[in-house]
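Residue strings, one per chain:
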Amino acid sequence: MMYNSRIAGLGKYVPENIVTNDDLSKMMDTNDQWIQERTGIKQRRHIKKGDGNTTAKMGVKAAEIAIERAGITVKDIDMIVFATLSPDYYFPGCGVQVQHLMGMDTIPALDVRNQCSGFIYALATADQFIKTGMYKNVLVIGSENHSGGLDFTTRGRSVSVIFGDGAGAAVLTREEDSNKGVLSSHLHSEGEHALELALEGPSTNKWVPEIIEENPQENIPYYPYMNGQFVFKNAVVRFAEVINEGLAKNDLKTDDIDMLIPHQANLRISQFVQRSFKLSDHQVYNNIQKYGNTTAASIPIALTEAWEEGKVKEGDLVVLAAFGSGFTWASSIIRW
Ligand code: UT7
């Protein structure tokens, strides 16, 4: 017997520390107007040294809320799928930490490394385990601690103003009605462009001594690199493609979309997608203004807020879509 899966509970957690564009302009040559015009971002959250937050711990806080809202307990979770590009450790991943921190049985914990598309990849993975009947409740988390690893000098400004910290979580649960829940997911990759948005070192390809040797006078540059305009141009094309793919698979039209939750990469990208599909404002949810780009956490944070605001209701057609480093891109079509 094949089952469906549906999102039974959602939660989010963001650090308390708010960093405005003006705060950033004290650290580097940037300004509120540039950041708002190019990205829509007004502020973001950054973990503060000593506040106890890590990628795994923020994930746990979001997960606790999602589990409670799903009306189940930690003991009911059969598997953890954790999406992040900023794990607490190089290895092991954050999934096993969640298993330990939440006092779970020795359930499987899987980390997903798909950056901005990470949450949809994680959701699709969880969905498959539920569809086949292997598991009933899967905890899906997206969480990022970007602020610790960004270059807050002028050199890094085109990347560091964009990203923020936070976590979102969903409990995916077995659904017997095949017309309800995750109807389909669509996943893609194009590794040819892997280094257009990447953190190259430290890695097994570029160990720390090598980086220091190459840059003896400078700060050691293990900061992310992004070819912003190239990424932007690919993003708008792939977002549209993967949304269309999902709609076509389910014989749906853009009019059928009740809520599109795009990965919060840049408000300009979301607006471009909205215009190209001729969607009205109430059909698209954006909160990048408050949180910046939180990579794997952005979709579950946005979905949680949309749900909390009553904008995602039973019977609604919800579309999730993402594009990012890899390149990877993905969509998920959900009947709520
Ligand atoms: O989530 C994963 C996927 N990520 C994305 O989809 C992001 C896609 N890309 C973008 O969102 C945009 O490309 C950025 C927001 C990153 C950059 O915006 P842009 O309009 O592409 O700007 P640019 O990189 O072409 O830079 C324009 C100018 C440059 O100055 P000159 O050469 O024209 O004098 C930059 O040096 O803006 C300058 N600049 C800044 N100025 C003030 C770059 N960053 C900043 C800054 N503050 N923070």
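Residues numbered from 1 in each chain as written. Predicted model: local features only at pLDDT ≥ 70, side-chain atom pairs only at ≥ 80, totals over all residues. Heavy atoms only, no water.

**With respect to unusual backbone geometry**
Omega for the peptide link from G201 to P202 comes to 5°, which places this bond in the cis form. Relative to the elements of secondary structure, P202 occurs in the loop between β9 (197-198) and α7 (208-214). Residue F327 follows G326 across a cis peptide bond; omega there is -15°. Mapping F327 onto the fold places it in the loop between β12 (317-324) and β13 (328-335). Positive phi, normally seen in glycine, also occurs at D251, with a value near 55°. Within the secondary structure, D251 is located in the loop between α8 (228-249) and β11 (259-262). Although it is not a glycine, T295 adopts a positive phi angle of roughly 50°. Examined against the element boundaries, T295 turns out to sit in the loop between α10 (288-291) and α11 (298-308). On the basis of relative accessibility, which here comes to 1%, the residue T295 falls in the buried class. (Helix = DSSP H or I, 4+ residues; strand = E, 2+ residues; numbered from the N terminus. Buried < 20%, exposed > 50% of the residue type's maximum accessible area, 1.4 Å probe, protein only.)

**With respect to the site of the ligand**
Near the ligand there are 23 residues, and of these T30, R38, Q229, N266 and N293 occur at the shortest range. Note that a nitrogen atom of the ligand is positioned 2.6 Å from one of the side-chain N or O atoms of T30. In isolation the ligand offers 960 Å² of accessible surface; the protein chains occlude 73% of this area. Counting residues per element, the ones that place at least two in the shell around the ligand are α2 (32-39), α6 (157-160), α8 and β12. A per-element tally of the shell around the ligand places α8 first, with four residues. A breakdown of the residues in the shell around the ligand according to their chemical character gives eleven nonpolar, nine polar and three charged. Of the domains in this structure, domain 1 (4-177) and domain 2 (182-335) are the two that each give at least three residues to the shell around the ligand. (Near = heavy atom within 4 Å. Polar contact = N/O pair within 3.5 Å; in protein donor to acceptor, adjacent residues only side chain to side chain. Areas by Shrake-Rupley, 256 points an atom, 1.4 Å probe, with all protein chains shown as cover. Nonpolar A, V, L, I, M, F, W, Y, C, P; charged D, E, K, R; others polar. Domains from an automatic or database assignment.)

**What to know about the domain arrangement of the protein chain**
Many descriptions give the size of an interface as the accessible area lost when the pieces come together. What the domain assignment lists for the protein chain is domain 1 (4-177) and domain 2 (182-335). Between domain 1 and domain 2, the contact holds 52 residues from the first and 51 residues from the second. The contact between domain 1 and domain 2 buries some 3,900 Å² in all, and 62% of this surface belongs to carbon and sulfur atoms. Sorting the residues of domain 1 by area buried against domain 2 places K12, C116 and I120 first, and these three jointly supply 17% of that buried surface. Salt-bridge contacts for K12 lead to E305; the nearest nitrogen and oxygen are separated by 3.1 Å. (Contact = heavy atoms within 4.5 Å. Buried area = accessible area lost by both parts, 1.4 Å probe. Salt bridge = Lys/Arg side-chain N within 4 Å of Asp/Glu carboxyl O.)

**Remarks on the environment of N287**
The residue N287 is located in the loop between α9 (267-276) and α10 in this model. C-alpha separation for the pair N287 and T39, spaced 248 residues apart in sequence, amounts to 12 Å. Setting aside anything within four residues of it in sequence, one finds N287 in contact with Q264, I301, A302 and E305.

**Some remarks on the nonpolar core**
Among the nonpolar cores identified, the biggest contains 39 residues, and I243 and L260 are the most heavily contacted of them. For this core, the secondary-structure elements that each account for two or more residues are α8, α9, β12 and β13. With eight residues, the single largest contributor to this core is α8. Residues in contact with L260, not counting those within four places in the same chain, are I243, V273, L279, Q283, V284, Y285, V319 and A321. Among the nonpolar cores identified, the runner-up in size contains 34 residues, and A126, I261, A296 and A306 belong to it. (Core = buried A, V, L, I, M, F, W, Y, C linked by side-chain atoms within 4.5 Å.)

**Things to note about the side chain of N293**
Within the fold, N293 resides in the loop between α10 and α11. Apart from residues no more than four positions distant in its own chain, N293 is found in contact with I41, H146, I162, F163, G164, H263, Q264, A265 and I288.

**A word on α9**
By the burial criterion, the buried members of α9 are L267, I269, S270, V273 and Q274. Considered in projection along α9, the buried side chains sweep an arc of 160° and stay on one side of the axis. The secondary structure elements touched by the buried residues of α9 are α2, α8, β11 and α10. One side-chain oxygen at the N-terminal end of α9 lies 2.8 Å from the backbone nitrogen of R268; it belongs to N266. (Arc of directions from axis to C-beta.)

**Remarks on α11**
An α-helical turn contains 3.6 residues, so a residue and the one three or four places further along point in the same direction. In terms of burial, α11 is a largely internal element, nine of the eleven residues being buried. Considered for burial, the residues of α11 that qualify are S298, I299, P300, I301, A302, L303, T304, E305 and A306. Positive phi shows up at G310, right after α11, with a value of about 75°.

**Let's talk about the sheet that holds β11**
Here we have four strands laid out as an open sheet, ordered β8-β13-β12-β11, and mixed in their pairing. A strand with exactly one partner marks an edge of an open sheet, and here the two such strands are β8 (181-189) and β11. Within this sheet the neighbouring strands show an average axis-to-axis angle of 10°, counted without direction. (Pairing = 2+ DSSP bridges. Axes fitted to C-alpha atoms, helices over the stretch in contact; angles between N-to-C directions.)

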